[in-house]
Amino acid sequence: MQSIFLLLGLFADAISASPLEQQPLGRIRPTDPPAGLAEGLRKPLRGRFLHITDFHPDDLYKPGTSIDRSCHRGKGPSGYFGAEGTECDSPLSLVNETFRWIEENLKDEIDFVIWTGDSVRHDNDEKLPRSADEIMDLNAFMSQKWISVFGEEVRETSNAVPMMSIPVIPTFGNNDIMPHNIFNKGPNKWTKRFAEIWSQFIPEDQRHTFVEGGWFTTEVVPGRLAVISLNTMYFFDSNSAVDGCKAKSEPGYEHMEWLRVQLKILRSRNMKAILMGHVPPARSKGKKSWDETCWQKYTLWVHQYRDVVVGSLYGHMNIDHFMLQDSNKVNIDSKADGKVSISSKTDYLQSLRNQWSSLPSAPPGIFEELESASNFGDVSEVEPAKKDKRGKKKEKKKQKFLDKIGGPWAERYSVSLAAPSLVPNFFPSLRVIDYNITGLDDVAHGVDMFTHVVDDTAFGLDDPAIDTSGAGDDSLISPEIQKKKKKGKDKKKKPKFKVPEPPSSTAPPGPAYSNQAFTLLGYTQYYSNLTKLHEQIAAGDRGDDPRLDYEIEYTTSDDVYQMKDLTVLSFFQLASRIGEEVAEEKQTGDVNSQDADWSAVRKKKPVNDVWQAFLRRAFVGFPVDDLDE
Ligand SMILES: *[C@@H]1O[C@H](CO)[C@@H](O)[C@H](O)[C@H]1NC(C)=O
Ligand SMILES: *[C@@H]1O[C@H](CO)[C@@H](O)[C@H](O)[C@H]1NC(C)=O
Ligand SMILES: *[C@@H]1O[C@H](CO)[C@@H](O)[C@H](O)[C@H]1NC(C)=O
């Protein structure tokens, strides 16, 4: 390993003396000429990328039709750029204008695109059922759109296929297949056809893997940062063609094994990874979207590879929100499923809030202390113990809190972000995420040699999954619990699968936990107010060929969320703030009447602004009636 790096280093000096330049991906192999070919395509890193999801283009959409007929026919209020606030899909006018806006406003500002699926209309019109060809055609149309924005002709190559100037990373949505939600073990016709449709986006050496399972890895900053495109169809609870991640015969099992090996390889190469997929690992009283065995492995993997995983990005739910995965508590109350209405979406968000209201409560001032400690580079010792009794008690409280959340970086938890959709169930929306590019000026010299050798056959298969044959239903347990169990007599209940190694004890916290290169710093949520736009179009203020613009809805650093970065601790704080009022209400209810009166007066804080903002933002600012309750 070391000698390869050495070689690369030597080689790098020979070919390039300029700062880090973004490599066009997907077509680079060690056999490609090392420099020159892509010279015109190389770009410095911007520290920013686009996350966009759930386009749902519908070429049957017609303005002026009925929203009860999928905006395909009848007379009704459907607008030129879509029927905001309804279940109708996106007209091509909206899709086209969105790509134009991206080209004009983001093209030179971003390093890669995370595109999390559902790139075709819903199967929601009985009179016009979808065909497999239509699904492929719409997806090909969407791919072509990305190529038209980010594809660049390369004169040196003989074939006319343009190379991508930046990586675009797709993934399967539950509507990108037929019947929707049903995805069989690969290879199948979908993995084969999409390998072609997405040929510009899937690195050549990942093509085989993709055809096998519909998953792949792309190095977006070669040698430093990979994006792992998960095929969440194999985790999805509504996919009745598969059965979770526990049995070796299941594609979900295979997928998790592949993911484990990918993360292991990335760790060994000192690389980081962003995970992405369509269906997020939602798991609350209001909704559970993954098979439980998949959720458990995923949460365990992300916890064990917490030095590698930068963050996890999803779509599908159409509402803007996030989830905390708790690595040592698994406690699902009930199960809900299927398509959700706005009111059940509100219930779902309420159930998240309830979860968050029982997060370990922080002693006052602790986050400020952690922050200043981390600025001085020593977080392990938050303010040395005071001598007096009160100081000691305070100290104990702090330590107890830190123990509960997994130390000063809250490593007990991981975070998944679910971005709102482009399809205007509310308003069309897209997200630009900033990440830290400190110290990346000179890292990627010559790494084009190394691009895409994330290959299962090269590493990793020296550790076959442990299989203690048959038995053991509760084999999916966290290492902490395993340790406890081992101490007891219960030795034979070893997990049936290989539990990943944790980070080495000397490894610093990963970019999801402590601000460093690749840490997600914040995002800007953009939206387009179609109501306003349609009013202007109706008034004749937008001309014959109306355009659509996106404006900022909010940023994570603004005065409401006040997130200094997107580390897990920052999300922990935000979640605690969103959950806060419930905890106070509970307290009030518990005490005797005299105290209750007193506390009712003292706690006259009628609304929780952060929870209100979270709810409003979940629906992209679209007016939703039942929000006030
Ligand atoms: C959208 O763009 C495609 C080309 O990519 C074009 O064929 C189509 O007519 C456009 N549709 C609308 C409604 O603008
Ligand atoms: C990026 O990480 C470095 C630590 O490696 C830190 O000093 C710097 O402030 C971070 N940048 C931003 C913009 O937060
Ligand atoms: C959208 O536009 C409508 C009509 O102009 C306006 O009433 C509403 O406040 C706007 N909403 C947002 C979130 O901008």
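Reference entry: report on the structure contained in this document. (Residues numbered from 1 in each chain as written. Chains lettered and ligands numbered in written order. Predicted model: local features only at pLDDT ≥ 70, side-chain atom pairs only at ≥ 80, totals over all residues. Heavy atoms only, no water.)

This part is about the state of the cysteines. Counted by the stated rule, this structure contains two disulfides. Put simply, Cys71 and Cys88 are joined by a disulfide, and their sulfur atoms are 2.1 Å apart. Between Cys71 and Cys88 the sulfur-sulfur dihedral comes to about 85 degrees; the bridge is accordingly right-handed. You can see Cys71 sitting in the loop between β1 (48–52) and α2 (92–105) and its partner Cys88 sitting in the loop between β1 and α2, a full 17 residues away along the chain. (Disulfide = S-S within 2.5 Å. Helix = DSSP H or I, 4+ residues; strand = E, 2+ residues; numbered from the N terminus.)

On to the site of ligand 3. Taken together, Tyr527, Asn529, Lys532, Glu535 and Gly621 make up all the residues around ligand 3. One of the side-chain nitrogen or oxygen atoms of Asn529 is found 2.3 Å away from an oxygen atom of ligand 3. Glu535 is positioned with one of its side-chain polar atoms (N or O) 3.3 Å from an oxygen atom of ligand 3. Taken by itself ligand 3 offers 360 Å² of open surface, and the protein chains cover 52% of this. Class assignment of the residues belonging to the shell around ligand 3 gives a composition of one nonpolar, two polar and two charged. (Near = heavy atom within 4 Å. Polar contact = N/O pair within 3.5 Å; in protein donor to acceptor, adjacent residues only side chain to side chain. Areas by Shrake-Rupley, 256 points an atom, 1.4 Å probe, with all protein chains shown as cover. Nonpolar A, V, L, I, M, F, W, Y, C, P; charged D, E, K, R; others polar.)

Here we come to the side chain of Ser429. Within the secondary structure layout, Ser429 lies in strand β12 (residues 429–435). Given a relative accessible area of 1%, Ser429 falls into the buried group. For Ser429, the side chain forms a polar contact with the side chain of Gln525, separated by 2.7 Å. Ser429 has contacts with Pro420, Ser421, Leu422, Gln525, Tyr526, Tyr527, Tyr550 and Val620, leaving out every residue within four places of it along the chain. (Buried < 20%, exposed > 50% of the residue type's maximum accessible area, 1.4 Å probe, protein only. Contact = heavy atoms within 4.5 Å.)

Turning to the sheet that holds strand β14 (residues 551–555), a few remarks are in order. Pairing between the strands of a sheet is mediated by backbone hydrogen bonds and can be parallel or antiparallel. Ordered by their spatial adjacency, six strands build an open sheet running β5-β2-β1-β12-β13-β14, and the pairing between neighbours is mixed. Taken across any chain shown, the strands that pair with only one partner, and hence form the sheet edges, are β5 (168–169) and β14. Across seven bridges, β12 lies against strand β13 (residues 520–527) in antiparallel orientation. Bridging from a neighbouring strand, Arg431 pairs with Gln525 of β13. (Pairing = 2+ DSSP bridges.)

We now examine the site of ligand 2. Around ligand 2, the neighbouring residues are Asn436, Thr438, Asn515, Gln516 and Leu521. One of the side-chain nitrogen or oxygen atoms of Asn436 is found 2.4 Å away from an oxygen atom of ligand 2. Between Asn515 and ligand 2, the recorded distance is 2.9 Å, taken from a side-chain N or O atom to an oxygen atom. Relative to its free-state accessible area of 360 Å², ligand 2 is covered by the protein chains to the extent of 43%.

Further remarks concern the pairing of strand β6 (residues 216–221). Within β6, six of the six residues are buried, which leaves the element mostly enclosed by the surrounding structure. Across five bridges, the pairing between β6 and strand β7 (residues 225–229) is antiparallel. From the neighbouring strand, Thr218 faces β7, where its bridge partner is Val227. Counting the residues between successive antiparallel strands, the hairpin from β6 to β7 contains three residues, one of them, Gly223, with a positive phi of roughly 80 degrees.

The next thing to look at is the pattern of salt bridges. Tallied over the full model, the rule gives 22 salt bridges. Between Glu97 and Arg100 there is a salt bridge whose closest N-O contact spans 2.8 Å. Taken together, the residues Glu97 and Arg100, both in helix α2 and three residues apart, mark about one turn of the helix. Take Glu97 and Arg100: they sit in the same class, and that class is buried. Between Arg193 and Glu196 there is a salt bridge whose closest N-O contact spans 3.9 Å. Of the two residues, Arg193 and Glu196 are both situated in helix α4 (residues 189–197); the distance of three residues between them amounts to about one turn of the helix. Taking the relative accessible area as the measure of exposure, Glu196 reaches 54% and is therefore exposed. What emerges from the salt-bridge pattern is a single network uniting Glu97, Arg100, Glu104 and Arg547. (Salt bridge = Lys/Arg side-chain N within 4 Å of Asp/Glu carboxyl O.)

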